[in-house]
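One-letter residues, chain by chain:
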There are 2 protein chains.
Amino acid sequence: MPEAAVLNTNVTSLVDRRLLHETVVSQLRDLIVQGELAPESKLNERVLAEKLGTSRTPLREAIKFLASEGLVELLPNRGAVVAALKPEKMKEVFVVLGALEALAGDLACRNATEADIAEIRALHYHMLAHHARGELAQYFRYNQQIHIKLMECAGNATLTQVYRGLNAHVRRARYMANLSRERWDKAVHEHEEILDALVRRDGVRLQGLLRDHLANKLVLVMEVLTATQGATS
Amino acid sequence: MPEAAVLNTNVTSLVDRRLLHETVVSQLRDLIVQGELAPESKLNERVLAEKLGTSRTPLREAIKFLASEGLVELLPNRGAVVAALKPEKMKEVFVVLGALEALAGDLACRNATEADIAEIRALHYHMLAHHARGELAQYFRYNQQIHIKLMECAGNATLTQVYRGLNAHVRRARYMANLSRERWDKAVHEHEEILDALVRRDGVRLQGLLRDHLANKLVLVMEVLTATQGATS
DNA sequence: TCGGCTATATTTGCATACAAAAAGTGATTG
DNA sequence: CAATCACTTTTTGTATGCAAATATAGCCGA
């Protein structure tokens, strides 16, 4: 169940069995992605270690791990800060994500099994259900799962890994978003088309749809960023 | 001079001034990329720490950093090993690299300044010189610099960062390669065409050329892998 | 001789301790 | 009154120590 890791949000660990400091990585990442640790805020090692119920050593290792992902930035002799959410950076990330999703779409049209497509369809309907109820968080959850599943259908684990890393940046901004009903409906409609193109295994069309979908996501994220940017500073 | 970091090979650090454990990350990465630490070999913390003249703590942090890049794999309670160089993994990486280089080529055609192109041309001639002398290592060095510079011309730092990370995997295999003269000449010719397409800012053609170039690289790497695979195991 | 078990040794993982650097504080002086 | 300097406090970076887990070796028994 690899999808579960994407939205793993438990802060107080339940699994002592034989996992290691990956727990800390996961917890820290969630704190950052969900915005509890704000962009550009300092990561005080003592405070965080206490909060996560560990010592500084595994925490520092986790910070280094996330630094490699780009979620935190290391300042020599001055610790680490949560990476800034700069509009310029978001544009960059979306351009790369666009290329990756387009690639994934193309590969998925060729490699996806019928079972894969059925699973995406199932996730799609879950998503529709939460959209109908106006449950944004749950909607996002299934939305993410669809995109991740599409990645996995491409059958390229490296692609999936890179995508996840970049996507973490974007999700940080998305957590702040309050979709207007209009935009939300539009996004759902886009997903309908995406599913349709996948079912027909029309790689070219799917690539285009994914690019457009991402472009719209970028617009949304930019609005969120400029809005909060004015509010917080 | 950001290109310098790509081929930074000093093991005994010269810079004590105010750099930190990034030194260890860089050293460790070089050991892996250059093959001194063979794929799937165990990373003994005590031995490595002594070799790099540090203690286990910064070394472990460096290992976690590289684990996030995918150059090493973490085995819970059993340390870390250098990531395997599996042909399947290489194929995956090249597919993603292909999409990224194509994207970079397209962006570079639009964003590169004349000075950028002049710099790439200069690197190109350096490369030709070392090709003429049959100096493989130096040839690779400038070859890499050209590709990195092309990435930078795209004006997307995120793209460059992701590219570098994936490229490290590939370079590990390339270090084992002994190019045949025929293939080598062909690669150089491809670079001539790449430069030409860039000068003419023909993004579509450049994308195609880069894809072909990468496809040929993949063939080369696969040959190296299957060859060494038979020899070492 | 071979397989399994125990005891030993190594190695990892985590916590703590210590040193250096940065940040904060306050007093003194121009 | 502001700025600077010295001093204190906090925080980071690194080394070391210790416990748990794993690998290794030796031993016994079949």
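Since the structure is predicted, the reported quantities are computational estimates derived from the model, not experimental observations.

Asks: Looking at this structure, how should I read the protein's contact with DNA strand C?
Replies: Around DNA strand C lies a shell of 21 residues, among which Ser55, Thr57 and Arg78 of chain A together with Arg56 and Arg60 of chain B are the nearest. Within 4 Å of the protein, the contacting atoms of DNA strand C are drawn from sugar and phosphate to the extent of 66%. Here a phosphate oxygen of DNA strand C and a backbone polar atom of leucine 43 of chain B are 3.4 Å apart. One of the side-chain N or O atoms of arginine 56 of chain B is found 2.8 Å from a base nitrogen in DNA strand C. Mapped onto the surface near DNA strand C, the elements with two or more residues apiece are α3 (56–69) of chain A together with α2 (45–51) and α3 (56–69) of chain B.

Asks: Which parts of the structure should I look at to understand the pairing of strand β2 (residues 79–82) of chain B?
Replies: Residues in a regular strand point their side chains to alternate faces of the sheet. Residues and elements named next belong to chain B. Where strand β1 (residues 72–75) and β2 come together, four bridges link them in antiparallel fashion. Residue pairing for β2: valine 72 is matched across the bridge by valine 82. What sits between β1 and β2 in their antiparallel hairpin is a turn of three residues, with asparagine 77 showing a positive phi close to 65 degrees.

Asks: Explain the relation of the copies chain B and chain A here, please?
Replies: The operation relating the pair of chain copies consists of a rotation about an axis and a translation along that axis. For these two chains of identical sequence, chain B goes onto chain A by a turn of 180 degrees and a shift of 0.0 Å along the axis, with RMSD 0.0 Å. Within this description, the copies of the chain are treated as partners about a two-fold rotation axis. Looking at chain B, 100% of its interface residues are interface residues in chain A too, so the copies touch through the same face.

Asks: Is there a simple way to think about the layout of surface pockets in this case?
Replies: Any empty space left between the atoms is revealed when a probe the size of a water molecule rolls over them. Its volume calculated, the second largest pocket comes out at about 520 Å³. Every residue lining the second largest pocket is counted, 21 residues in all, and those nearest its centre are Gly98, Ala99, Ala102 and Arg211 of chain A together with Leu103 of chain B. Of all the elements in the fold, those that place two or more residues in the lining of the second largest pocket are α4 (87–111) and α9 (203–232) of chain A together with α4 (87–111) and α9 (203–232) of chain B.

Asks: Explanation requested: the side chain of histidine 191 of chain B in the structure shown.
Replies: All names here are of chain B. Inspection of the secondary structure assignment puts histidine 191 in helix α8 (residues 181–199). Take histidine 191: its relative accessible area is 2%, and that puts it in the buried class. Here histidine 191 is in contact with His124, Met127, Asn143, Ile146, His147 and His213, once residues within four sequence places are set aside.

Asks: How should I be thinking about the interface of chain B and chain A in this particular structure?
Replies: Listed per partner, the contact involves 29 residues of chain B and 29 residues of chain A. Across the chain B/chain A interface, buried area totals approximately 2,500 Å², and carbon plus sulfur atoms make up 63% of it. Together, Glu61, Ser68 and Thr158 of chain B form the three largest contributors to the area buried by chain B at its contact with chain A, with a combined 21%. The shortest N-O distance in the salt bridge between lysine 64 of chain A and glutamate 61 of chain B comes to 3.5 Å. Seen at the junction of chain B and chain A, the total is 12 residue pairs in polar contact (both at pLDDT 80 or more). Secondary-structure elements contributing two or more residues to the side of chain B that touches chain A are α3, α4 and α7 (157–174) of chain B. Per-element accounting of the side of chain B that touches chain A gives the leading share, nine residues, to α4 of chain B.

Asks: How should I be thinking about the packing of helix α6 (residues 136–153) of chain A against helix α7 (residues 157–174) of chain A in this particular structure?
Replies: Helix-helix packing is described using two parameters, namely the angle between the two axes and the distance between the axes. Residues and elements named next belong to chain A. Where α6 meets α7, the closest approach of the two axes is 10 Å, and the angle between their N-to-C directions is 160 degrees. Viewed along their axes, α6 and α7 adopt a mutual orientation that is roughly antiparallel. In terms of crossing hand, the pair formed by α6 and α7 is right-handed. Along the contact surface, α6 presents Phe140, Asn143, Gln144, His147, Ile148, Met151 and Glu152, while α7 presents Leu159, Thr160, Tyr163, Arg164, Asn167, Arg171 and Arg174.

Reading the values: the criteria
- Residues numbered from 1 in each chain as written.
- Chains lettered and ligands numbered in written order.
- Predicted model: local features only at pLDDT ≥ 70, side-chain atom pairs only at ≥ 80, totals over all residues.
- Heavy atoms only, no water.
- Near = heavy atom within 4 Å.
- Polar contact = N/O pair within 3.5 Å; in protein donor to acceptor, adjacent residues only side chain to side chain.
- Helix = DSSP H or I, 4+ residues; strand = E, 2+ residues; numbered from the N terminus.
- Pairing = 2+ DSSP bridges.
- Least-squares fit on C-alpha atoms with pLDDT ≥ 70 in both.
- Contact = heavy atoms within 4.5 Å.
- 1 Å grid on protein atoms, 1.4 Å probe; cavity = no way out; pocket = protein on both sides within 12 Å on 5 of 7 lines; lining within 4 Å.
- Points joined across faces, edges and corners; volume = space filled by probe spheres on them.
- Buried < 20%, exposed > 50% of the residue type's maximum accessible area, 1.4 Å probe, protein only.
- Buried area = accessible area lost by both parts, 1.4 Å probe.
- Salt bridge = Lys/Arg side-chain N within 4 Å of Asp/Glu carboxyl O.
- Axes fitted to C-alpha atoms, helices over the stretch in contact; angles between N-to-C directions.
- Parallel < 35°, antiparallel > 145°, perpendicular 65-115°, else oblique.
- Left-handed = near helix turned anticlockwise from the far one by under 90°.

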